[in-house]
Amino acid sequence: ATFGDYGGQYVPEALMPALQELEEAYERYVLENEDGFMDEFRERMRDFGGRPTPLQRADRLSERYDREIYLKREDLVHGGAHKLNNALGQVLLAKYMGKERIIAETGAGQHGTATAMAAAHLDMPCEIYMGRTDVNRQRPNVYRMRMNGAEVNPVEAGSGTLKEAINETMRDWATTVENTHYVIGSVVGPHPFPKLVRDFQAVIGREAREQIREKAGRLPDSVVACAGGGSNTMGTFHEFVPDCADPRFANESSGRSPRDDDVALYAVEAGGSSLEIDAEEGLAPNSATLSTGTDGVLHGAMTKLLQSEEGQIMESHSVSAGLDYAGVGPELSYLAETGRVTPVSVDDEAALNGFHRLSRLEGIIPALESSHALGYVEEAHDELGDLVVVNVSGRGDKDLETVLEETEKRDLEAAPEV
Ligand SMILES: C[C@@H](c1c[nH]c2ccccc12)[C@H](N)C(=O)O
């Protein structure tokens, strides 16, 4: 398969022509930069997206942990999260492929919003599939998608969340691939989606690797990023990892020093309310797929996922909607299996404390997703070495209501003490 035993194309025959066409376009435009595709992608991400994002020294956190803490500020990307890197790349690719319609799934609504923005920017009609449950609980994002001109299709099936939205979007794509491109929202799905999304998100790690060498004179001892589907995780890590299957990246010629392999990579998953899984109920009160999941096929890829003994996909949970997914990208499953990435998790409370701590100490309100990475730095800073890069994958304005409710409910100190 694509990444060791993980990845592959576990899809109905009907989808194979679409995947073959996409793979060819990926190779021509993304890997070979045909017609200057990647140049236009970078130019638009600069002028429309606001790249490069800063790699900023967190003075108060550096003092608190007695080591150098740098924040990669993906919260400053247009739209408030790293999501636009992938959404713009895929919508631009659709244009180069001659497609006339864009479809996408969304759960929390961040990917849907980023896709709607990119489609408006590139003058492409756009339809977003969103579970009925999520439409009801993520209203502001539904309004943003519509404001950017997208049509939001509520999906009534099943639990009405991300899982069904992805299934519904794939179903649409199977019969509309002639004129439609499916902009998938994370490094998941059948090959080539996990590589395609990773390569658009890899701008994060490419910039951070250069910026940290400029500012600190060397590579970091560790890099920390939250992991839901894994797009910001792989985007931040890829520059430090030779591409598993692509020999071009495996040897020295890619300018990769041996030190890259010494950079510790931590994928922080959502520990939810507990890591105990209730197999009977099919309920997982977390989304810590890399740490507690088992191998299985989900959304067209062999990967790790939260499933019952009979292979039923479990309902996952997290205080942060963007990490609430029972699967995870196949490349991350591979890198965790081979030990190149260390999967860890923090629970809802540690994430909420991370949210408050960065807001209060650094004047940055982080997304609840990114707060998991900050929660891990609080818990494990002693093991992270002297120079640490943390990806702040998004901004937390969208989470204020949730955080205030949860903080009251848990009677948490608004500004956690030491
Ligand atoms: C994280 C992101 C997302 C969108 N599509 C996904 C597919 C698999 C895993 C995660 C996602 C989020 N749920 C969203 O809707 O924006």
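The coordinates are above.
Keep in mind it's a predicted model, so treat the numbers as computed, not measured.

Analysis parameters
Residues numbered from 1 in each chain as written. Predicted model: local features only at pLDDT ≥ 70, side-chain atom pairs only at ≥ 80, totals over all residues. Heavy atoms only, no water. Helix = DSSP H or I, 4+ residues; strand = E, 2+ residues; numbered from the N terminus. Pairing = 2+ DSSP bridges. Axes fitted to C-alpha atoms, helices over the stretch in contact; angles between N-to-C directions. Contact = heavy atoms within 4.5 Å. Near = heavy atom within 4 Å. Polar contact = N/O pair within 3.5 Å; in protein donor to acceptor, adjacent residues only side chain to side chain. Areas by Shrake-Rupley, 256 points an atom, 1.4 Å probe, with all protein chains shown as cover. Expected span 1.5 Å × (residues − 1). Buried < 20%, exposed > 50% of the residue type's maximum accessible area, 1.4 Å probe, protein only. Phe/Tyr/Trp six-rings, centres within 6.5 Å; stacked < 30°, edge-to-face > 60°.

**Description of unusual backbone geometry**
Following Arg-51, the chain continues to Pro-52 via a peptide bond in cis, the omega torsion being 0°. Note on placement: Pro-52 falls in the loop between helix H2 (37-47) and strand S1 (55-57). That bond from His-191 to Pro-192 is cis: its omega, 15°, falls within 30 degrees of zero. In the Ramachandran plot, Asn-33 falls in the positive-phi region, its phi being about 55° despite a non-glycine side chain.

**Observations concerning the sheet that holds strand S5 (residues 151-155)**
On the basis of which strands lie adjacent, the open sheet formed by four strands has the order S5-S4-S3-S6 and parallel pairing. Of all strands in the sheet, those bounded by a partner on one side alone are S5 and strand S6 (180-182). Strand-to-strand, the axes of this sheet are offset by a mean angle of 25°, without reference to chain direction. For strand S3 (residues 101-106) and strand S4 (residues 126-131), the ladder comprises five bridges, and the chain directions are parallel. Residue pairing in the sheet places Glu-105 in a bridge with Tyr-129 of S4. Packed on one face of the sheet, helix H5 (residues 110-121) meets S3 and S4 and runs near 165° to S3.

**What to know about the site of the ligand**
Within the structure, the ligand sits among 16 residues, and Glu-105, Thr-106, Gly-107, Ala-108 and His-111 are positioned closest to it. Glu-105 places a polar side-chain atom, nitrogen or oxygen, 2.5 Å from a nitrogen atom of the ligand. Taking His-111, its main chain carries an N or O atom lying 2.6 Å from an oxygen atom of the ligand. Here the ligand, which alone exposes 360 Å², has 97% of that area covered by the protein. If you list the elements that add at least two residues to the shell around the ligand, you get S3, H5 and helix H8 (162-176).

**With respect to helix H4 (residues 83-96)**
Note that an α-helix has 3.6 residues per turn; residues three or four places apart therefore point the same way. Taking 1.5 Å per residue as the helical rise, H4 with its 14 residues ought to reach 20 Å, and the 20 Å between its terminal C-alpha atoms agrees with that figure. By the criterion of burial, H4 is predominantly enclosed, with 12 of the 14 residues buried. Of the residues one or two after H4, Gly-98 is the one with positive phi, at around 80°.

**A closer look at the sheet that holds strand S8 (residues 264-270)**
Overall, mixed pairing links the six strands, which are arranged S1-S2-S12-S7-S8-S11 in an open sheet. In this open sheet, the two strands that pair with only one neighbour each are S1 and strand S11 (341-346). The average undirected angle you get between the axes of adjacent strands in this sheet is 25°. In terms of strand pairing, strand S7 (residues 222-226) meets strand S12 (residues 387-392) through three bridges, oriented parallel. Pairing of Val-224 across the sheet is with Val-390, part of S12. Where helix H16 (residues 368-380) meets the sheet, it contacts strand S2 (68-73), S7, S8, S11 and S12, and its direction lies at approximately 140° from that of S7.

**Considerations on the packing of aromatic side chains**
Inspection of every chain in the model, using the stated rule, returns nine aromatic pairs. Seen in terms of ring centroids, Phe-37 and Tyr-96 are 4.9 Å apart; in terms of plane orientation they differ by 85°. Their pairing is edge-to-face. Of this pair, Phe-37 sits in helix H2 while Tyr-96 sits in helix H4, and the two are 59 residues apart along the sequence. Among the residues examined, Phe-37 registers a relative accessible area of 0% and is labelled buried. A ring pair is formed by Phe-41 and Phe-200, whose centres lie 5.0 Å apart and whose planes are at 55°; its orientation type is tilted. In this pair, Phe-41 is assigned in helix H2 and Phe-200 in helix H9 (residues 193-201), connecting sequence segments 159 residues apart. Each member of the pair, Phe-41 as well as Phe-200, is classed as buried.

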